[in-house]
Amino acid sequence: MSGTSRREFIGGSIAAGTLLASGSLTAQIIAKAQKPLSILILGGTGFIGPSQVRYALARGHKVTVFNRGKTNPGTLPAGVEQLIGDRNDNLKALEGRKWDAVIDNPSTLPRWVRDAAQLLKDSANQYVFISTISVYADHSKPYMDETADTAKLADPTVEQVTGESYGGLKALAEKEAEKAFPGRTTIVRPGLIVGAGDNSDRFSYWPLRIARGGEVLAPGSPDDPVQFIDARDLGEWTIRLLEQRAYGTFNAIGPVSRLSIAEMLHGIRAVVSGSTPISFTWVPAAFLEEQKVAPWSDMPVWIPPTGEYAGFGTRSNKKAIAAGLTFRPLADTARATLDWADARPAERKAKLRAGLAPEREVEVLAAWKKSKK
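Residues numbered from 1 in each chain as written. Predicted model: local features only at pLDDT ≥ 70, side-chain atom pairs only at ≥ 80, totals over all residues. Heavy atoms only, no water.

**Q** Could you give me a rundown of the sheet that holds strand β7 (residues 193-194), with the residues and numbers involved?
**A** Strand order in the open sheet formed by three strands is β7-β9-β11, and the pairing between neighbours is mixed. For this open sheet the edge positions go to β7 and β11 (254-260), each flanked by a neighbour on one side alone. The sheet contact formed by strand β9 (residues 225-230) and β11 spans three bridges and is antiparallel. Opposite P225, over in β11, you have S260 as the bridge partner. Of the strands in this sheet, β7 and β9 are in contact with helix α6 (residues 231-244), which crosses β9 at around 55°. (Pairing = 2+ DSSP bridges. Helix = DSSP H or I, 4+ residues; strand = E, 2+ residues; numbered from the N terminus. Contact = heavy atoms within 4.5 Å. Axes fitted to C-alpha atoms, helices over the stretch in contact; angles between N-to-C directions.)

**Q** Tell me about the side chain of T108, and please be specific about residues and values.
**A** Following the sequence through the fold, T108 ends up in the loop between β4 (101-104) and α3 (110-120). On the accessibility criterion, T108 (13% relative accessible area) is buried. Discounting residues that sit within four places of it in the chain, T108 has contacts with V161, Y166, L169, K170 and A173. (Buried < 20%, exposed > 50% of the residue type's maximum accessible area, 1.4 Å probe, protein only.)

**Q** Run through unusual backbone geometry, naming residues and quoting values.
**A** Across the junction of G254 and P255, the peptide omega takes the value 5°, indicating a cis bond. For K292, which is not glycine, the phi dihedral falls at a positive 60°. The class for K292 is exposed, based on a relative accessible area of 71%.

**Q** How would you summarise the packing of aromatic side chains if you had to cite specific residues and measurements?
**A** As enumerated under the stated definition, the model contains seven aromatic pairs in all. With 5.1 Å between their ring centres and 40° between their planes, Y127 and F181 make a pair best called tilted. Placement of Y127 in strand β5 (residues 126-130) and of F181 in the loop between α4 (166-180) and β6 (185-190) is noted, with a sequence separation of 54 residues between them. Residues Y309 and F312 carry aromatic rings whose centres are separated by 5.9 Å and whose planes lie at 75° to one another, so their mutual orientation is edge-to-face. For the pair Y309 and F312, a shared accessibility class is recorded, and that class is buried. Through a chain of ring-to-ring contacts, the aromatic side chains of W296, Y309 and F312 assemble into a single cluster. When the ring centre of Y136 is taken as origin, the NZ or CZ atom of R315, which lies over that ring, is 4.0 Å away. When the ring centre of F250 is taken as reference, the NZ or CZ atom of K319 above it lies at 5.0 Å. (Phe/Tyr/Trp six-rings, centres within 6.5 Å; stacked < 30°, edge-to-face > 60°. Lys NZ or Arg CZ within 6 Å of the ring centre and 35° of its normal.)

Shown next, in the form of structure tokens:
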């Protein structure tokens, strides 16, 4: 598979306490913050926003969200102030207000960040921008950290978001945040964000596929590294960064230590109940490429650790861990994802947005066995 195609898959797949797998708070074990904050969240109702909102409320903070009011309407908890507007052309609701901190969740275009951050630069002490590890220009070396060079666009005025432009646009957006809030910016670069609520199916393919049972096509080598972060871990840590006034750039990706694709798949299998036998058949990356089975899209989470993506699954997270990033067990993430994904309508489960269709998986497995004869 070409490097350009891999970049398209990456670009196109663009969340101190505990949340139950269902997303409800275990309030009695979440301590209140020492100092309550007033927090503005740009977004707040999408994938990672709800975790930020719930955790912030549990910690005793006051929360305001700004969005168009179109994503998951009516789902905000009691006590959350909602301001209606549009990042494209209507920021009026943000004028003349004060907050302790701002979290910018949904921005890809640099002008969205520029317009909001310039408007808010005298209205808040800290600006947290949720970026992505796709900003990095190089993924070829294992254990690269936040000092690695970021992508640059040939045309910095482009606004069309594609697999080729996504990382560069995010890198420019980071600079807009830092320009408006010099020395007061926190850049969070997540890897693959997973868990309940992820409609991309980038991770949910695996719990659903393994729960279906039978022979499961497993990609590459069992030791190939993978990285991701539960949306709840990301959302909660974002709030703790505000409480600490932690500035700088952080790779928000887990787990704590190296995780292989085999450990991920067997970890998911451990939480799947049912009487149908489950087995994994490992098919090498070269054969999958011959069969036009694409990493990341057809085989979610996984990219073979070779060539320009040799270090993609081992990006350093040491700085984030030192700043308090924590990770819930894989079993928790897998169970919550499966429960959420399985509760969707049958027609939605039958048309996943990532992963191999059942009939295609059977074809590739048959071709692999035939090639071994």
